[in-house]
Amino acid sequence: MAQVRLDHISKTFASGDEAVHAVDDVTLEIEHHEFMILLGPSGCGKSTLLRMVAGLEDPTAGDVFIGDRRVNDVAPKERDIAMVFQSYALYPHKTVAANIEFPLKVRGVGRAERAAEAVRAAEVLGLEHHLKRKPGQLSGGQRQRVALARAIVRNPAVFLMDEPLSNLDAKLRGDTRAELVDLHRRIDSTFIYVTHDQVEAMTMGSRVAVLNEGRLQQVGTPQEVYDRPATAFVAQFIGTPPMNLLPAGMWGSETVQVGIRPEHLRLVPGGPLHAVVRQVEHLGHEVLLFADANGTRLVSRLDPGSFLPEVGDPVAFDAEPGRLHRFDPESGERIE
Amino acid sequence: MAADTVRGARKFGRYTLLVVLAVIVLFPIYAVVLQALKTGPDSLDHPRSLLPVDLTLSTIKAAWTQGNLGRLLLNSVFVSVMVTLGVVLTSLLAAYAFAFLQFPLKGPIFVLFLATMLVPAEVTVVINERTADSLGWVNSYQGLIVPSLASTFGIFLVRQVFLQLPTELREAASLDGVGHVRFLWEVAAPLSRPTLGALGLFTFLGTWNAYLWPSQVIRGDRAHETVQIGLERLKNNDISKINLVTGGLVVAALPIFIMLVLFQRQLVRGLTAGAVKG
Amino acid sequence: MKRRLRDVPWAVVMLLPSVVLIAVWTVYPLVKAVQNGHLRCDVTGTKCIDAGWGRYWDVFTSTEFQHALGVSLKLMALTVPAGLVLGVGLAVLADKHLRGIGVFRTIFSSTVATSVAVASLVWFVLLQPQIGVFADLFSGWFPVLKNPGLLNDPGTALLAVAFSSIWANLGFTFIIVTAALQSVPRDLYESAFVDGAGNVRRFTNVTLPMIAPTLLFVTVVLTTRALQTYGEIALLTGGGPNPEKSTTTIPYLIYGRNSIISGDLGTKSAAAVLLFVLSLALALVQFRGLDKRVHYGR
């Protein structure tokens, strides 16, 4: 039995004559203690999906199950979930301790027990020394940890997070990523995590669900999603630099769109793909070669030590065997 | 250098102008306070000197007893406090409904509320006086207090503040299981304290200073008169006792002056709540 | 949808106090007053007959109302421009970073602390004929101060009331205009200064346009207050001096102790409604007319 099950979930917002399908027939199962990432560009419906699990939005169609319970009509506070918002949503006028305790206070937990639980949660996140401060006196990273502490103090079955790292600067983001993964390992909850950042998705998730325009594109482990993207969208969304997607007919049949990841695109004299070098970027650990093949931009990853052409040189590429991805030009679906 | 001397002369000129104008503005108050402190209750000697010498409290004391000022002040305090509490409370509740609850026709209902702000007291007092009469509330505290307990302005103001609270705060709270009353009391109201303070101050002042309604609903009942309407009794003494009025004025105006010095900033905030576009 | 209706019980409970209070004490009186305006009553107010909407016209054209209307409009003309100019003038004067300017600002704001009753009685005392302070100081130039006193002379009584009003409203105007002045971005002034604009030009080209919405607001408030002047009349002149009734404004006509229609419910209601309509019309005219100036700015 899955921890969270979304069964043909749809959410439509009516605005005038147009209906916006924020979420379009998504079916997804999330297992116990998974770290599931909902990944996609802005507007793809990932946040809406998360909010439906939370109970902040009602699905237009479909069912939400938490455990074996259908929770469509269950209020958020009864669903055994906790949520961390992008802006942390801390009560600015309460101390850190009071913020963390608040969910317990609402449930009628006694003062002494509340305080003890708050301290415990604070310790898990390294906040013991800040309990008497107010959120305004803390840094962004600390505030985020308070939001996390407030969420874990209730021992929820499911932990929902809506782009929690997007308000942090780059360095802090990296550190906090590791801390979140560690937190997941230590506590016994299922994590559902929304982000648009594919690096976060790849490094943190046990599985990734990629969404675009309200539809579920693919669900799989980070490696699966990377190695065998189910649609052209997934292929280009995951991976930096993005996969080279050649227009139909450029390589092989007219009816097939071919994709090659930059690291699998090799400089091979006499190879089938001809291009002219436009730019060479030295990144230290690797070199990125940008080339133009009849108007199509190609990116190739090369070792620093290898032979490097110059800008303007004509070059030929070939793909590493077995590393070609084929997609239907109309539907974007993967063709085996 | 030339600019400096010019600035110096201009500064002097400006200061002079300011002082002159300040004297003109303050003069009425000064003259009245002086009159209250200088001469006895029925002394008519004049022309009076305008210097603060030979001061006595006898006029004020006489005004206090003759005008029953203690009772008047008490009534004013009681009525003003009750109305202020009432307005803040009803505004909090109604603003919460408009800001955080979803219900059909919310928009049109709010517009209707706003429309009532246009209706001035002059129109309503005529009928309200009869309503109060039929309720038996003439010459009573209820008559003074109840009609003023709700304020569309207050609802507007508090709703404005509530709408500025981040929605994620309400969502996080509802996830934590926080109900409406608790959210209002523990989160929304505390976070709106400056505006609530301004509203409270403004309401208190408005109620304290009110003249029209109290003058209609309290007719001759000295026990329930507020300071504003009770003060004029001192005026109706014979003309030789005119100084009593000044004594009464000092007592009546002093509390408000003190309050205003203490709460200057909140007052300005309250007054400019609707006025300054920016 | 379920979610939409979930909050309705709560909404009802939370809105109920305000709705009931406003319905009983604001909406109902308005409606009833409009209805009562149809009534033609005898002097005691006991026998009334419904004379229809035409009654409003009768009241409007009656000598008493026309006279009171004239007084109200005169008072408006006396207090609004003067009050505006003085308030703005003081605010501009005090809008500089001089040492001790806070004291001056407090003094100029101070009249906001006076109530109608207090301000009126202050002036009542000062304007006493023979023994009032102003009579003492200025009767050499203005003998009317001593005899029969500004408040008792039909030619000057309204002027005296106007003084009292202007003085009382000064604090309010000052505070609001000062706040508006402080919200004008300083770099606009600096840029004008660099362009060579002198003080007057800076005022007309930068200050005035920027504070125009506030000035409009103040004008509307002052106008409304002028039309609503009641307490000042009741305390200073009692609507007199008679027989000219030089200071009987429309509100005093409606509520004043000495008013001849004080028992006539029908006429009172009609007059009150007419006053409301007049205020509304004036406010609208001001918004429309001055709003154009405000937006397209000089």
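Notes on the structure follow. Remember, it's a predicted structure, so these values are computed and weren't measured experimentally.

Next up on the list: the overall build of chain C. Of the regular secondary structure elements, chain C holds 13 helices and 2 strands. Seen along its three principal axes, the alpha-carbon backbone of chain C occupies a region of about 80 × 75 × 35 Å. A burial count over chain C gives 45% of its 298 residues as buried. Considering only contacts within chain C whose residues lie at least 6 apart along the sequence, 67% involve residues at least 24 apart.

The next thing to look at is the overall build of chain B. The secondary structure content of chain B amounts to 15 helices and 0 strands. Looking at chain B alone, contacts between residues at least 24 apart form 77% of all its contacts between residues at least 6 apart.

Moving on, we get to the interface of chain A and chain B. On the chain B side, the residues contacting the 16 residues of chain A number 14 residues. Contributions of two or more residues to the side of chain A that touches chain B are made by strand S6 (81–84) and helix H2 (96–106) of chain A. Ranked by residue count, the leading element in the side of chain A that touches chain B is H2(A), at 3 residues. Grouping the constituent residues of the side of chain A that touches chain B by class yields 12 nonpolar, 2 polar and 2 charged.

Quick look at the nonpolar core now. If you look at the biggest cluster of nonpolar residues, it comprises 242 residues, and the most contacted ones within it are Leu160(A), Ile192(A) and Ala209(A). For this core, the element with the highest residue contribution is helix H8 (residues 157–182) of chain C, accounting for 16 residues. Residue contacts for Ile192(A): discarding those within four places in its chain leaves Val4(A), Ile30(A), Met36(A), Leu38(A), Leu50(A), Val53(A), Val158(A) and Leu160(A).

Contacts between the two partners involve 68 residues from chain C and, on the opposite side, 67 residues from chain B. Ranked by residue count, the leading element in the side of chain C that touches chain B is helix H2 (residues 8–36) of chain C, at 16 residues.

With respect to burial, helix H9 (residues 186–194) of chain C is a largely exposed element, only 0 of its 9 residues being buried. Of the residues flanking the end of H9(C), it is Gly196(C), one or two places downstream, whose phi is positive at about 95°.

Next up on the list: the sheet that holds strand S11 (residues 244–246) of chain A. All names here are of chain A. If you walk across this open sheet you meet the 4 strands as S11-S12-S18-S19, and the pairing is antiparallel. Each edge of the open sheet carries a strand with a single partner, namely S11 and strand S19 (334–335). Sheet topology note: the strand S12 (residues 257–260)/strand S18 (residues 325–327) ladder contains 3 bridges and is antiparallel. By the bridge assignment, Val 258 is partnered in S18 with Arg 326.

The next subject is the packing of helix H5 (residues 121–135) of chain B against H2(C). Where H5(B) contacts H2(C), the axes come no closer than 8 Å and their chain directions differ by 90°. With respect to H2(C), the axis of H5(B) lies roughly perpendicular. When H5(B) is examined against H2(C), the residues Val123(B), Thr124(B), Val126(B), Ile127(B) and Asn128(B) are found in contact with a partner set consisting of Trp25(C), Thr26(C), Pro29(C), Leu30(C), Lys32(C) and Ala33(C).

Bringing the pairing of strand S9 (residues 207–212) of chain A into the picture now. All names here are of chain A. Of all 6 residues in S9, 5 are buried; the element is thus mostly enclosed. Of the pairings in the sheet, the one linking strand S3 (residues 35–39) to S9 comprises 4 bridges and is parallel in character. Bridging across to S9, Ile 37 finds its partner in Val 208. When S9 meets strand S10 (residues 215–220), the two strands line up antiparallel, connected through 5 bridges.

Let us now look at the packing of H8(C) against helix H10 (residues 199–227) of chain C. Residue and element names in this part refer to chain C. One way to put it is that H8 packs onto H10 with a least axis distance of 9 Å and a crossing angle of 155°. Looking at the two axes, H8 sits roughly antiparallel to H10. Where H8 crosses over H10, the two elements pack in a sense that is right-handed. Where H8 abuts H10, its residues Asn 169, Thr 173, Ile 176, Val 177, Ala 180 and Leu 181 lie against Thr 207, Ile 211, Thr 214, Val 218, Leu 222 and Arg 225. Considered class by class, the residues forming the contact of H8 with H10 number 7 nonpolar, 4 polar and 1 charged.

Conventions adopted
- Residues numbered from 1 in each chain as written.
- Chains lettered and ligands numbered in written order.
- Predicted model: local features only at pLDDT ≥ 70, side-chain atom pairs only at ≥ 80, totals over all residues.
- Helix = DSSP H or I, 4+ residues; strand = E, 2+ residues; numbered from the N terminus.
- Buried ≥ 20, exposed ≤ 12 C-beta atoms within 10 Å, placed from the backbone.
- Contact = placed C-beta atoms within 7 Å.
- Nonpolar A, V, L, I, M, F, W, Y, C, P; charged D, E, K, R; others polar.
- Core = buried A, V, L, I, M, F, W, Y, C linked by C-beta atoms within 7 Å.
- Pairing = 2+ DSSP bridges.
- Axes fitted to C-alpha atoms, helices over the stretch in contact; angles between N-to-C directions.
- Parallel < 35°, antiparallel > 145°, perpendicular 65-115°, else oblique.
- Left-handed = near helix turned anticlockwise from the far one by under 90°.

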